[in-house]
Amino acid sequence: MQLEKYKIDEANHQQLKDHQRKFDFVAGDVKNLDTILQKLIDFNIAIPSWALGTGGTRFGRFSGGGEPRSLEEKIEDVGLIHALNRSSNSISLHIPWDIPSNASAIKAHAAQLGLHFDAVNSNTFQDQPNQELSYKFGSLHHVDKAVRKQAVAHNIEVIKYGVELDSKALSVWLSDGSNFPGQLNMRGAFERTLESLQEIYEALPDDWKVWVEYKPYEPNFYSTTIGDWGQSYLLSSKLGQKAQTLVDLGHHLQGANIEQIVSLLLMEGKLAGFHFNDSKYGDDDLTVGSINPYQLFLIFNELVEGMDARGMTHATSIGWMIDASHNVKDPIEDLLQSVEAIKIAYAQALLVDTPALVQAQQDNDVVLAQEILQQAYRTDVRSLLAEARLRAGGALNPLAVYRQQTIRQQLINERGAKAVSTGL
Ligand code: RM4
Ligand code: MN
Ligand code: MN
């Protein structure tokens with residue numbers, strides 16, 4: 001289904017007075033208001049194709065109904081999100097969960113909804129039916145050259161799909177690792193991974209990147225071959241210019257200072273981009289901003305400062321993507337909340353009084369530095385986001401419109417209560 005623009009306009013019309021009052025209250029104190037609004041309009045976050053169905057855990061999965069049954073329907077769902085928030089203009093595919101068998105038709109369908117394709121993701125953490133060799137003991141790091149060859153070939157096939165869709169990056173996350181001490185020679189595993197990645201790197205088109213994602217544990221519980229940003233950075237440095245490190249916010253041990261990691265990767269030109277989510281314990285894949293919005297703000301503060309220092313365009317210089325899915329929320333509502341949380345943190349970071357902060361740091365005025373950061377963080381920027389959405393043709397309140405228009409019920413009517421989407 002598609003959401004007609006006039007329905008969004010009608011809802012906006014009803015909320016306009018209320019919005020204007022809130023907007024005027026905040027906007028009066030914002031320097032460079034139009035520049036900030038334009039940055040917010042330009043800032044889009046890619047939606048992962050695997051987050052449009054209800055997520056599960058290894059204990060079970062509780063389907064919510066009306067899930068997309070095909071890639072076309074997943075694209076439709078992203079189209080709905082984008083129509084509402086005008087901030088989700090791309091989709092990231094996971095192969096083979098979503099094979100674009102007719103690339104030009106898929107591209108045209110997406111373009112009609114104002115969407116394009118972000119990074120393509122390979123999958124060597126599961127065995128597929130009819131697959132010759134198993135990934136039970138790893139893929140790119142496997143001790144058996146034949147398994148490594150199969151995994152390399154899969155990644156090259158994913159690049160080919162991506163080229164047909166005009167994607168510009170291959171995102172690689174490996175579950176390779178070991179469950180018990182002694183199971184694996186860690187140096188050997190790392191060297192074999194590098195060698196396999198080099199073969200994949202050779203197959204990248206000139207204008208492509210490979211994003212190397214890291215994760216400390218799960219599904220392996222003793223070691224992960226690309227376990228942290230240092231290991232990913234080492235690989236991406238050895239591979240060359242087209243390789244960078246991807247930061248998934250849930251892929252850190254508790255207490256890790258993610259904003260510091262981000263700042264240094266950016267400094268080295270090695271920050272590929274993000275998989276946004278939130279977590280309390282591990283790779284929880286919770287809605288962005290639901291647990292620790294202050295951390296998200298601190299990350300964006302480093303990003304804005306670091307990107308400005310390097311003259312980078314915020315919206316397009318690195319990859320912005322959500323990697324979250326949960327088993328109790330409507331996935332579309334979850335994604336609307338996530339996009340909103342990301343843009344709130346971004347807007348707050350744009351409000352930081354940078355010259356004053358630089359001076360406070362120079363003076364070692366710790367108290368003032370904290371005041372400056374928290375002045376921005378405690379500003380209620382939601383009406384700035386709403387104004388940016390309004391100017392871009394979206395809804396003042398996307399979630400409210402989604403509910404008023406009973407979109408999930410219509411999707412259930414169309415697709416059935418038991419429709420199950422591919423993915424995790
Ligand atoms: C992993 C990792 C990858 C994602 C898979 C589904 O934990 O975050 O990015 O592709 O999950
Ligand atoms: Mn991820
Ligand atoms: Mn993850």
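Structure shown above.
It should be emphasised that the depicted structure is a prediction, and the values quoted were computed from it without experimental measurement.

Relative to the helices and strands, Lys343 resides in helix α10 (residues 331–350). Despite its burial, Lys343 remains without a salt bridge, the nearest opposite charge being carried by Glu340 at 7.8 Å. A distance of 2.8 Å separates the side chain of Lys343 from the side chain of Ser87, its partner in a polar contact. Discounting chain neighbours no more than four positions away, the residues touching Lys343 are Leu40, Phe43, Ile45, Ser87 and Leu385.

Further remarks concern the pattern of salt bridges. The full count for this structure, using the stated rule, is 23 salt bridges. Its salt-bridge partner being Lys7, residue Glu4 comes within 3.2 Å of it at the nearest N-O pair. We classify Glu4 as partly exposed; its relative accessible area is 37%. Note that Asp380 and Arg382 form a salt bridge whose closest N and O atoms lie 2.9 Å from each other. Through salt bridges with shared partners, a single ionic network connects Arg69, Glu73, Glu76, Asp77 and Arg415.

As a further point, take the coordination of the manganese ion (ligand 3). Taken together, His251 (NE2), Asp283 (OD) and Asp283 (OD) make up the full set of protein donors to the manganese ion (ligand 3), lying 2.2 to 2.8 Å away. A distance of 3.9 Å spans the gap from the manganese ion (ligand 3) to the manganese ion (ligand 2). On the criterion of sequence distance, the pair formed by His251 in the loop between β10 (243–248) and α8 (258–267) and Asp283 in the loop between β11 (271–276) and α9 (293–309) is long-range, its members being 32 residues apart. Of the residues examined, His251 reaches a relative accessible area of 3% and is grouped as buried.

Here we take up the coordination of the manganese ion (ligand 2). In the first shell of the manganese ion (ligand 2), the protein supplies Glu213 (OE), Asp248 (OD), His275 (ND1) and Asp323 (OD), at 2.2 Å from the metal. Around the manganese ion (ligand 2) sit six donor atoms; with metal-centred angles ranging over 71 to 166 degrees, the donor geometry is octahedral. For the manganese ion (ligand 2), all donor residues lie on one chain, and their spacing in sequence is E-x34-D-x26-H-x47-D.

Turning our attention to the pairing of strand β5 (residues 116–121). The element β5 is extensively covered by neighbouring structure, given that five of its six residues are classed as buried. Alignment of strand β4 (residues 90–94) against β5, held across four bridges, turns out to be parallel. Residue His94 lies in a different strand from β5, and its bridge partner there is Asn121. Sheet topology note: the β5/strand β6 (residues 169–172) ladder contains two bridges and is parallel. Pairing of Val120 across the sheet is with Leu170, part of β6.

Turning next to the sheet that holds strand β8 (residues 209–213). Strand pairing in a sheet is mediated by backbone hydrogen bonds. Such pairs are either parallel or antiparallel. Within the open sheet, the eight strands sit side by side as β1-β4-β5-β6-β8-β10-β11-β12. Their pairing is parallel. The sheet is open, and its two edges are formed by β1 (47–48) and β12 (319–322), each paired on a single side. Here β11 pairs with β12 via four bridges, running parallel. Within β12, the residue paired with His275 across the bridge is Met321.

Counting residues in hydrophobic clusters, the biggest one holds 102 residues, and the most contacted among them are Ile75, Leu271, Phe274, Phe276, Phe300, Leu303 and Trp320. Counting residues per element, this core draws most heavily on α10, which supplies twelve residues. Residues within four places of Leu303 in sequence aside, it is in contact with Val262, Leu266, Leu271, Phe274, Ile318 and Trp320. Formed by nine residues, the second largest nonpolar core is a distinct cluster that contains Ala360, Ala369, Ile372 and Leu373.

It is worth spelling out the packing of aromatic side chains at this point. Each aromatic ring pair is specified by the distance between its two centres and by the angle formed by the two planes. Under the defined criterion, the tally for this structure stands at 16 aromatic pairs. Their ring planes at 20 degrees and their centres at 5.9 Å tell us that Tyr294 and Phe297 sit as a pair that is stacked. In this pair, Tyr294 and Phe297 both sit in helix α9, three residues apart, roughly one turn of the helix. Through a chain of ring-to-ring contacts, three or more aromatic side chains come together here, namely Phe43, Phe274, Phe276, Phe300, Trp320 and Tyr346. Just above the ring of Tyr201 sits the side chain of Lys242; from NZ or CZ to the centre is 5.5 Å. Its end group placed over the ring of Tyr281, Lys280 keeps NZ or CZ at 5.9 Å from the ring centre.

Between two packed helices, the angle of one axis relative to the other and the distance separating the axes together describe the packing. Where helix α3 (residues 71–85) meets α10, the closest approach of the two axes is 11 Å, and the angle between their N-to-C directions is 40 degrees. On the basis of their axis angle, the class for α3 and α10 is oblique. Seen along the crossing, α3 lies across α10 with a hand that is right-handed. Residue-level contacts link Asp77, Leu80, Ile81, Leu84 and Asn85 of α3 to Ile332, Leu335, Leu336 and Val339 of α10. Each residue belonging to the contact of α3 with α10 can be placed in one class, and the counts come to seven nonpolar, one polar and one charged.

Basis of the calculations
- Residues numbered from 1 in each chain as written.
- Chains lettered and ligands numbered in written order.
- Predicted model: local features only at pLDDT ≥ 70, side-chain atom pairs only at ≥ 80, totals over all residues.
- Heavy atoms only, no water.
- Helix = DSSP H or I, 4+ residues; strand = E, 2+ residues; numbered from the N terminus.
- Buried < 20%, exposed > 50% of the residue type's maximum accessible area, 1.4 Å probe, protein only.
- Lys, Arg positive; Asp, Glu negative; His and termini not counted.
- Salt bridge = Lys/Arg side-chain N within 4 Å of Asp/Glu carboxyl O.
- Polar contact = N/O pair within 3.5 Å; in protein donor to acceptor, adjacent residues only side chain to side chain.
- Contact = heavy atoms within 4.5 Å.
- Donors = N, O, S within 2.8 Å, 3.2 Å for Na, K, Ca; no water.
- Tetrahedral: all angles 85-135°; square planar, octahedral: opposite > 155°, others 65-115°.
- Pairing = 2+ DSSP bridges.
- Core = buried A, V, L, I, M, F, W, Y, C linked by side-chain atoms within 4.5 Å.
- Phe/Tyr/Trp six-rings, centres within 6.5 Å; stacked < 30°, edge-to-face > 60°.
- Lys NZ or Arg CZ within 6 Å of the ring centre and 35° of its normal.
- Axes fitted to C-alpha atoms, helices over the stretch in contact; angles between N-to-C directions.
- Parallel < 35°, antiparallel > 145°, perpendicular 65-115°, else oblique.
- Left-handed = near helix turned anticlockwise from the far one by under 90°.
- Nonpolar A, V, L, I, M, F, W, Y, C, P; charged D, E, K, R; others polar.

Just geometry here; none of it tells us what the structure is for.
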